[in-house]
Amino acid sequence: MADKIPILFLHAQDGFGADAAVHADIIRQLDREKFEVHVACTGGDGRREPPSLEIWRSLPEIKLRPTRFAPSLGSKNVAALVRAVRSGAAFSGDFLALRKYVAQEGIRIVHSTERPRDASYNIALSKATGARSVVHVHVKWSKQYSLPARFGVARADAVFSISRYVTSTLLAMGRPASSIHTILNGIDPSKWDPAIDGNELRRELGVPADVLVLASVSRLFSWKGQRELIRAFALVHAVIENVRLLIVGADASEVEGGSFSDELKELASNLGVRQKVIFTGARSDVPRVMAACDVFSMPSFEEPFGLVFLEAMAMKRPVVAIDNGGTPEVVEAGETGLLSPPWDIAALAANLLTLLRDPALRARMGERGRARLLEHFTSQRMARDAEKGYEAVLARD
């Protein structure tokens, strides 16, 4: 048997976002007969362990290396910046130790996200050790991203893209097509049981079993479409009174100058539907949320992929979303959900009404959504595609 291929995944973030979740699912499903998996993740600032470390520790059959990464200077908190600079004074020694680790373990591929620190470390390590670099792009690519991020994507030996839409933005930025591997996201369907009783969560939230429920799950910021969804919901409520809207998620860290959730609550009040919109905050029980709703909607603009659409489909819930970005690659219009043009509130409301009025259509689209997930969007398939990408990168040598 040929020697295993050692791969190092790099993650410098304290939190565990969608990009980290994608990488964790790839790691879980990689063929351990062919690949040896290493993870270099942040070990924290010495005062506390970051939430991400516990998750990385839980992954099977990996070699975990907690690492002190260079500080991120994105914080606007002065005290935090001072601590970051002080703690980062010795980061060069940590980088040298990580470089030594890559060399000693014979790492052949360094795989990171497109985040500035991750991508920068990836390129620096690969150039210093001879390993190949793979930068995984989870967002629409443009000149708006920071110089370190753009440097990392430009200099990587190969780029993984989460959708054909994201691939098109990479091509537009000049990345050669031969070095881009489009690897559609996937989830593990075994973690999503459509038989979960949705009435349990409804009771917790004070929603009667006979009330129709719309749900939206994501971070709260303007591009995710919660503002447009509330406006559409007001039109829906004018026709169907027996309906509630669940807004699940916390304000995104990108929000400046106030709380976006407060803005959304004020909008709901101004539209006369505040008592019908339930803001739950962030929740970790998304399968229960999906089980409690009749229709899922996230009218996000230029969504790069939309993992949450897969989660709704896994729970046999139809999706109402926007017809742009990577969404049409995930939600099959007319089959697993309904798509409307961007910013068209009336069309969005009409699609919501169509599904709320037709339980048979909801059931049919829900069944088709689960089947589509199993056919095209499992984490097992995603890992097999990643393996082909790794082999292609090494074959270029």
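Residues numbered from 1 in each chain as written. Predicted model: local features only at pLDDT ≥ 70, side-chain atom pairs only at ≥ 80, totals over all residues. Heavy atoms only, no water.

Chemist: Looking at this structure, how should I read helix α16 (residues 379-395)?
Modeler: An ideal rise of 1.5 Å per residue puts 24 Å on 17 residues; α16 measures up with 24 Å between its terminal C-alpha atoms. Among all positions in α16, only Ser379, Arg381, Met382, Ala383, Ala386, Glu387, Gly389, Tyr390, Val393 and Leu394 are buried. (Helix = DSSP H or I, 4+ residues; strand = E, 2+ residues; numbered from the N terminus. Expected span 1.5 Å × (residues − 1). Buried < 20%, exposed > 50% of the residue type's maximum accessible area, 1.4 Å probe, protein only.)

Chemist: What is the right way to look at the nonpolar core in this model?
Modeler: Across soluble globular proteins, nonpolar side chains have a tendency to be buried as a group. Ranked by internal contacts, the top residues of the largest apolar core, which has 77 residues, are Phe9, Val137, Phe296, Phe309, Leu310 and Tyr390. Here this core gets 7 residues from one element, more than from any other, and that element is helix α12 (residues 307-314). Other than its neighbours up to four places away in sequence, Leu310 contacts Asn185, Gly186, Ile187, Phe305, Val330, Leu373 and Phe377. Within the second largest apolar cluster, 32 residues are counted, among which are Leu220, Phe279, Leu338 and Leu355. (Core = buried A, V, L, I, M, F, W, Y, C linked by side-chain atoms within 4.5 Å. Contact = heavy atoms within 4.5 Å.)

Chemist: I'm lost on the sheet that holds strand β2 (residues 35-42) in this one. Help?
Modeler: To summarise the sheet geometry, strands pair through backbone hydrogen bonds and adopt either a parallel or an antiparallel arrangement. On the basis of which strands lie adjacent, the open sheet formed by 7 strands has the order β3-β2-β1-β4-β5-β6-β7 and parallel pairing. Each edge of the sheet is formed by a strand with only one pairing partner; in this case those strands are β3 (62-67) and β7 (180-182). The average undirected angle you get between the axes of adjacent strands in this sheet is 20°. In this structure, strand β4 (residues 109-113) lies alongside strand β5 (residues 132-137), joined through 5 bridges in parallel fashion. Along β5, the bridge assignment pairs Thr113 with His136. Helix α1 (residues 18-29) contacts β1 (5-11), β2, β3, β4 and β5 of the sheet and is inclined by roughly 160° relative to β1. (Pairing = 2+ DSSP bridges. Axes fitted to C-alpha atoms, helices over the stretch in contact; angles between N-to-C directions.)

Chemist: Even after reading the chapter, I still don't get the packing of aromatic side chains, so can you show me in this structure?
Modeler: For any pair of aromatic rings, the description rests on two quantities: the centre-to-centre distance and the angle between the ring planes. Scanning the entire structure with this criterion turns up 10 aromatic pairs. Measuring from centroid to centroid gives 5.1 Å for Trp223 and Phe301, while their planes differ by 50°, and the two rings are tilted. On the criterion of sequence distance, the pair formed by Trp223 in the loop between β8 (212-217) and α9 (226-239) and Phe301 in the loop between β11 (295-297) and α12 is long-range, its members being 78 residues apart. Looking at Trp223, the relative accessible area reads 46%, which means it is partly exposed. A relative accessible area of 19% means that Phe301 is categorised as buried. By way of ring pairs, the aromatic residues Phe35, Phe160 and Tyr390 are connected into one cluster. The cationic tip of Lys265 hangs over the ring face of Phe279; the distance from NZ or CZ to the ring centre is 5.5 Å. (Phe/Tyr/Trp six-rings, centres within 6.5 Å; stacked < 30°, edge-to-face > 60°. Lys NZ or Arg CZ within 6 Å of the ring centre and 35° of its normal.)

Chemist: For this particular structure, what's the right way to read the pairing of β5?
Modeler: If a strand is regular, its side chains alternate between the two faces of the sheet. Counting buried positions over the 6 residues of β5 gives 5, a clear majority of the element. For the segment spanning β4, helix α5 (residues 116-129) and β5, crossover handedness is right-handed. Of the pairings in the sheet, the one linking β5 to strand β6 (residues 158-161) comprises 4 bridges and is parallel in character. By the bridge assignment, His136 is partnered in β6 with Phe160. Following the backbone out of β5, through helix α6 (residues 147-155) and into the adjacent parallel β6, one traces a crossover that is right-handed. (Right-handed = clockwise from strand over helix to strand, strands pointing away.)

Chemist: I tried to follow the environment of Leu10 on my own but got confused; where do I start?
Modeler: Checked against the element boundaries, Leu10 lands in strand β1. A relative accessible area of 0% means that Leu10 is categorised as buried. Sequence separation between Leu10 and Ile345 is 335 residues; the distance between their C-alpha atoms is 41 Å. Look past the residues within four positions of Leu10 in its chain and what remains in contact with it is Ala40, Phe69, Leu98, Val110, His111, Ser112, Thr113, Asp118, Tyr121, Asn122 and Leu125.

Chemist: Explanation requested: the packing of α9 against helix α10 (residues 260-270) in the structure shown.
Modeler: Helix packing geometry: the angle between the two helix axes and the distance between the axes. Where α9 meets α10, the closest approach of the two axes is 10 Å, and the angle between their N-to-C directions is 15°. Taken together, the axes of α9 and α10 are roughly parallel relative to one another. Once α9 is placed against α10, the crossing between them reads as right-handed. Facing Gln226, Arg227, Ile230 and Arg231 of α9, the residues of α10 in contact are Phe260, Glu263, Leu264, Leu267 and Ala268. Partitioned by chemical class, the residues of the contact of α9 with α10 number 5 nonpolar, 1 polar and 3 charged. (Parallel < 35°, antiparallel > 145°, perpendicular 65-115°, else oblique. Left-handed = near helix turned anticlockwise from the far one by under 90°. Nonpolar A, V, L, I, M, F, W, Y, C, P; charged D, E, K, R; others polar.)

Chemist: I'm lost on unusual backbone geometry in this one. Help?
Modeler: Negative phi characterises most residues that are not glycine, and trans characterises most peptide bonds. In this model, Glu61 sits at a positive phi of 55°, which is unusual for a non-glycine residue. Within the secondary structure, Glu61 is located in the loop between α2 (51-58) and β3.

Chemist: Whenever I open this one, the side chain of Glu303 confuses me. Can you help?
Modeler: Position of Glu303 among the secondary structure elements: in the loop between β11 and α12. Judged by its relative accessible area of 7%, Glu303 is buried.

Chemist: What exactly am I supposed to notice about the packing of α9 against helix α14 (residues 345-356) here?
Modeler: α14 packs onto α9 with a crossing angle of 55° between their chain directions and a minimal axis gap of 8 Å. Classified by the interaxial angle, the pair formed by α9 and α14 is oblique. Along this stretch, α9 crosses α14, giving a crossing that reads as right-handed. For the pair formed by α9 and α14, the contact residues are Glu228, Leu229, Arg231, Ala232, Leu235, Val236 and Val239 on the first element and Ile345, Ala346, Leu348, Ala349, Leu352, Leu353 and Leu356 on the second.

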